[in-house]
Amino acid sequence: MRQIFLKDNCRVVNGLLKTALGVPPGSVTSLSPAQDTTLQIESVKCLNCIIKSMGVWMDQQLKLGDFAPERHINKHSSDNLASLNGEEGGVTDYDLHLDANHEFSDAASLEQRRAYKLEFQKGVALFNKKPSKGIDFLIKTKKIGASPEEVASFLKNASGLNAAMIGDYLGEREEFPLKVMHAYVDSINFENMNFGEAIRFFLRGFRLPGEAQKIDRIMEKFAERYCKCSPSSFTSADTAYVLAYSVIMLNTDAHNSMVKDKMSKAEFIRNNRGINDGKDLPEEYLGSLYDQIVKSEIKISADVSAPQNKQTSSINKLLGFDNIFNLVNWKQYEEKALGASDQLIKHIQGQFRAKTGKSESMFYTVTDTAILRFMMEACWAPMMAAFSMTLDQSDDKSATAQCLQGFRYAVHVTSVMLMQTQRDAFVTSVAKFTYLHCAADMKQKNVDAVKAIISIAIEDGNYLQESWDHIFTCLSRFEHLQLLGEGAPPDASFFVAPLNEAEDRAQKTTFVKKKGNALQNPAVMAVVRGGSYDSASMGNTASALVTPDQINNFISNLNLLDQIGTFELNHIFAHSQRLNSDAIVAFVRALCKVSMTELQSPTDPRVFSLTKIVEIAHYNMNRIRLVWSCIWNVLSEFFVSVGLSENLSVAIFVMDALRQLAMKFLEREELANYNFQNEFLKPFVVVMQKSDSAEIRELIVRCVSQMVLSRVNHVKSGWKSVFLVFTTAASDVRKSIVLLAFETIEKIVRDYFPYITETETTTFTDCVKCLIAFTNSRFNNDASLNAIAFLRFCAVKLAEGGLVCYDNNSEGHLGNGDGSDGNLTEKDDHAFFWFPLLEGLSKLTSDTRPAIRKGALEVLFNILKDHGHLFTDTFWINILKSVIYPIFSNTQNITVGQVLLVHDPQFPNDDSTKSETDTLAAKCLVDLFVRFFNVVRSQLGSVVCIVTSFVSSPYKHYANTGMAALLHLTAHLGSKLSKEEWKDILVPLKKSVASMLPVFSSIIRIMQDIEIPDSVDQYSDHEYINEDEEEANMETASYAIVRMKNHISVQLQIVQVVKKLYEVHRKCFSAAHVSILLDVLTSIASHSSEVSSETIVQQKLQKACSLLEIPGPPVIHFENESYENLLKFLQTILAEDPALSNELKIESLVVFVCQKIFKIYLNCAGQQQNDETSDAGPTAHSTLPLGTAKKEELAARTSLLVSALQVLRSLRQDSFRRNLRIVFPSLVSLVSCEHHSNEVLDELHDIFQSSIGPLLMNM
């Protein structure tokens, strides 16, 4: 049967099919019914023998020809690693350089050297047989040191070692060999090597072991080491790890003569897409790597004694990788009929034509298993029809056994041949014949079908792929029936709230304790009703009646299922460890699909498949990283989907299962620069972010807290996911979740901070972002303040070094102040680590909570003050622009033009805490600027603008803050400032003063729109004025009074600031600087006159103050103080700096100011003076007696007038003579007007006597 022509085989199968189906209805036959039945059974046996012979022949041919189904990995590798098993260097030279060994450097005799050499050779020979024993022997005899580094040096440098044994020893998982391997790899310097050179250099010293886990450990460490030596090469070590395997595969593909169809450069580039943390490596880089490998083979140490047929063994078997590259990025080709190509057909036809015409009979032997596809494609449908019909209609044990065996071999052949459609058809047929979906109708043959399903799962698991869905569906239903038969409670009982003892005892009585009590269990009734095979769950037809016969049949059928024990069931899952890489992923995917169906049942959720998922995850956790990553991609999606289930109990159950897996997984060591722990913990993050259930979110926080605190020394890349979970928890709406998360993060930062940055410094930024998130918590100010304190702790740790290399010549760049700005690079360590911390604190300074605002401000500036010396000049500038200046953005926006009719809550007029914080911020800014002036000198203008924005604020406390800060700044930096820098200070001050003057215009507009009564009783005389309008008018007037007082106070304080600046720094000022100060004083004096001249407004304000019983605005005092300080300022310059006086024409200004003061006084005294003078002299005017108010005003202005007269009298004689014509009319008017004090007359007498009299005498 093994050597048969295709067409003959088809004829035979079709004939047997017709026989197996029996005589068609209506046909006449001479056979008796018994004979017909016997003939049908024999036909089935023949079909079974045919398919069995196909399977046996296929197995034999595959072993002989080392055949494996055509997949991409085999197409491009020819399933062998001859290049990896290249010739090993000779091992006959055991000589050592003994002179390098101190123990024998002074050896006395040749015998000692010889004895040493023999003992050393003994150790080497022992190593080449059993590496661990050889190393132990050499250490005990003190031929090598006992440290991992010394053993690694021995493996690298000693001659005579078997390269295969070196690789085998380096791949061991025991603690000491693992340390040796790490030391071995760490001793290699890959700096300035491209990836191809690095892996070539690495693999020249040993032969890769044949066990996949061993290779995985070695390549994992290589990838970590390469990324450490070349940190800018890849995003993470995962990239180097995958690329290392790709290069090995490419090397085999390109240089193995058994590979006919070589991989192209485009295919190599396509196969490695997305391996750089989801992004593509540059095509130029991969293309160069491809050219390098193809041009020059990587010579890997191998054993020269290996037979040729062994060297062409399967690469999958040699490395144990199976189909791992199908799972990562080595894409599978579309299924093709193996051997069913035109070339194969033409080859067979050619053989036939060559023998045509010969008389002897020819028998062709086919060795290519591809021919089976032709046969199966032609025969599978008739075979399945014959097996299915017979199995369905016959209860004969022998016939059904033959059918099931036929199905079994058909599945085997179609699976191995990768005939997906045919395989699924056969598996589905067997699954349907189990009758597990309608157990009441089961028979022995159906139980045998269940056994066949289990056999298929165990024996052909590597090839089942999508057919696993049917396998697990059957297993799930079988387990369900077993539980019902045993009377166990349903899985749904795991998802209900705990019952008290009485309720629990009452509920248990309702479960089936014996199979005869099935009528009492609704779950059993549903199963008895049954359903179709494709239904999601059994018993969907809930309204269908259940007959007593069905119940009895069901109970008896449960006895049949006892033939299959739980051992066979569990063996399938335990056997998953033996599945190849491609198969285990398909296995897990199908199991997750079935589990999802179980859990989504609204009435009877089940956990059978879920528990098996946890089991197989434990079983397969030690697979190589590439394979486990693919398994986890499937499991991760499953856990997220179920974790977000609306069924809270199901979600809690699956999250706890995930916790168990995570605890187990965290026991595995992860090397630096890898990202797999982070990927493993991502389901927690996703569910935490998306779940609407507070119970689930709290459970996740508890799970992650428990995992981290119990496995803190094993957490590496997982910190990122841990901090993401806690960051999400920080903004949770439930207080208990926030506090629980912060309790954990507090312990982590306080007690385990070194672990956070042990392998990856980037996790420091994640920690900072997490703490910042907790500072925004609204549930507990103490937690927020503690988070701020921990941010300072993080800054201290950062400043201590280890994360940032502080190089004064390096420069950081922050871009636009966004930590994720595209201008940032990984090399900008200052920006990468410091910026998120500082920016977070900066944003907190605008928090609505005073304590948080103040705490963040203090910590921010303390950090900058304590650690600013570590920053580069450029980074300092960026810190000011992106972190410091935004703090004052709100303050700078408060301008005089924003003064409103009534108090606006956006202004901090009554917010003392906000004012206190802003005051502190301004002080801290100036202190910081003074401390690091030499570094941030270029930012003087920006800092002064912030300070003067305080000065120009319409609010007194802000203006006071700005003026104090300005004085503090100039007091410490005055002597260091250049002429231009002084100008940068004084010009903004002048502009600030100018911007404040319009405030009075705003007050005028306010007062023009309201009416103030002469007395409180006046309103009662006007019925049309209601109480609301009265209240609004008085409130507006009150607001105007406050604004007016504040405005006057600020103007007078600015006058004092100008005086202080001149007194302290007059030596630093040029004429231009003094001119600016004069402009400031002059503008304020002129403004005071403008205020004083608005009599109508003053009258309204005075009325309002009288009604409110509060003091009025000190308008007269404002004018007096402004002019008196201006006059004294001019007098000082005139007396102390003649050159400056001449340059600025101070004399003329003095006379002008005195004349202005005379005019103000005369106006107050009721004297009207012409602005123009004439030779005719002054004109006398009659005056009326002054009222009480005017007399009081006149008394208030007396001191100013006296000061002006004294200044005028103090002018030099020539100066007085030049300006006498200007002031003389005013002096005459002063003599004739009314005065409150004789002091004025005395001063006038002195002027006329001492200054004017001598001039007249000399004329």
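The rules behind these values
- Numbers given to residues run from 1 along each chain, matching the order in which its sequence is written.
- Predicted model: local features are reported for residues with pLDDT of at least 70 only, side-chain atom pairs are reported and counted for 80 or more only, and whole-chain, interface and lining totals are derived from all residues.
- Note that the side-chain values use all heavy atoms of the structure and ignore hydrogens as well as water.
- Exposure classes here rest on a 1.4 Å probe applied to the protein chains alone. A residue is buried below 20% of its type maximum, exposed above 50%, and partly exposed in between.
- Secondary structure elements are taken from DSSP: a helix is a run of H or I of four residues or more, a strand is a run of E of two residues or more, and numbering for both begins at the N terminus.
- Within this document, salt bridges are pairs made up of a side-chain nitrogen of Lys or Arg and a carboxyl oxygen of Asp or Glu, the two lying within 4 Å of each other.
- Aromatic rings from Phe, Tyr and Trp, with only the six-membered ring used for Trp, were paired whenever their centres fell within 6.5 Å, and each pair was classed as stacked if the ring planes differed by under 30 degrees, edge-to-face if by over 60, and tilted otherwise.
- Multiply 1.5 Å by the residue count of a helix minus one, and that product is the helix's expected span.
- Think of pLDDT as the predictor's per-residue confidence, scored from 0 to 100.
- Any two residues having at least one pair of non-hydrogen atoms within 4.5 Å are treated as being in contact.

Residues other than glycine seldom take positive phi values, yet K142 does so here, at roughly 60°. What makes K142 exposed here is its relative accessible area of 64%. One non-glycine residue, Y435, lies in positive phi territory at about 60°. Mapping Y435 onto the fold places it in the loop between α20 (420-433) and α21 (444-459).

Among the structural elements, P850 can be located in helix α38 (residues 850-867). We classify P850 as partly exposed; its relative accessible area is 37%. For the pair formed by P850 and E916, sequence separation is 66 residues and the distance between their alpha carbons is 9.1 Å.

Right, let's get into the pattern of salt bridges. The full count for this structure, using the stated rule, is 43 salt bridges. We note a salt bridge from R408 to E459, for which the minimum N-O separation is 2.7 Å. Taken together, the residues span a long stretch of sequence, with R408 in helix α19 (residues 397-416) and E459 in helix α21 at a distance of 51 residues. Overall, R408 belongs to the buried group, its relative accessible area being 12%. For E459, a relative accessible area of 54% corresponds to the exposed category.

So, on to the packing of aromatic side chains. Counted by the stated rule, this structure contains 52 aromatic pairs. Measuring from ring centre to ring centre gives 6.4 Å for W628 and F680, while their planes differ by 25°; the resulting arrangement is stacked. Here F680 lies in helix α31 (residues 676-690) and W628 lies in helix α29 (residues 625-643), a separation of 52 residues in the sequence. Of the residues examined, W628 reaches a relative accessible area of 0% and is grouped as buried. Three or more aromatic residues joined by ring pairs make a cluster, and in this case those are Y184, F190, F195, F202, F206, F222, Y226, F234 and Y285.

This part is about helix α11 (residues 237-255). The terminal C-alpha atoms of α11 lie 27 Å apart, and with 19 residues this matches the ideal 27 Å at 1.5 Å per residue to within 8%. Counting buried positions over the 19 residues of α11 gives 17, a clear majority of the element.

Here we come to the confidence of the model for the protein. Within the protein, residue pLDDT values average 78, and 76% of them lie at 70 or more. Taken element by element, the predicted model of the protein shows its lowest mean pLDDT in helix α3 (residues 72-75) (34) and its highest in helix α33 (residues 719-730) (93). A low-confidence stretch, residues 1-6 (pLDDT under 50), is modelled with 16 contacts involving residues beyond four sequence positions or located in other chains. Throughout residues 64-108 the model reports pLDDT below 50, and contacts reaching past four residues in sequence, or to other chains, amount to 138 contacts.

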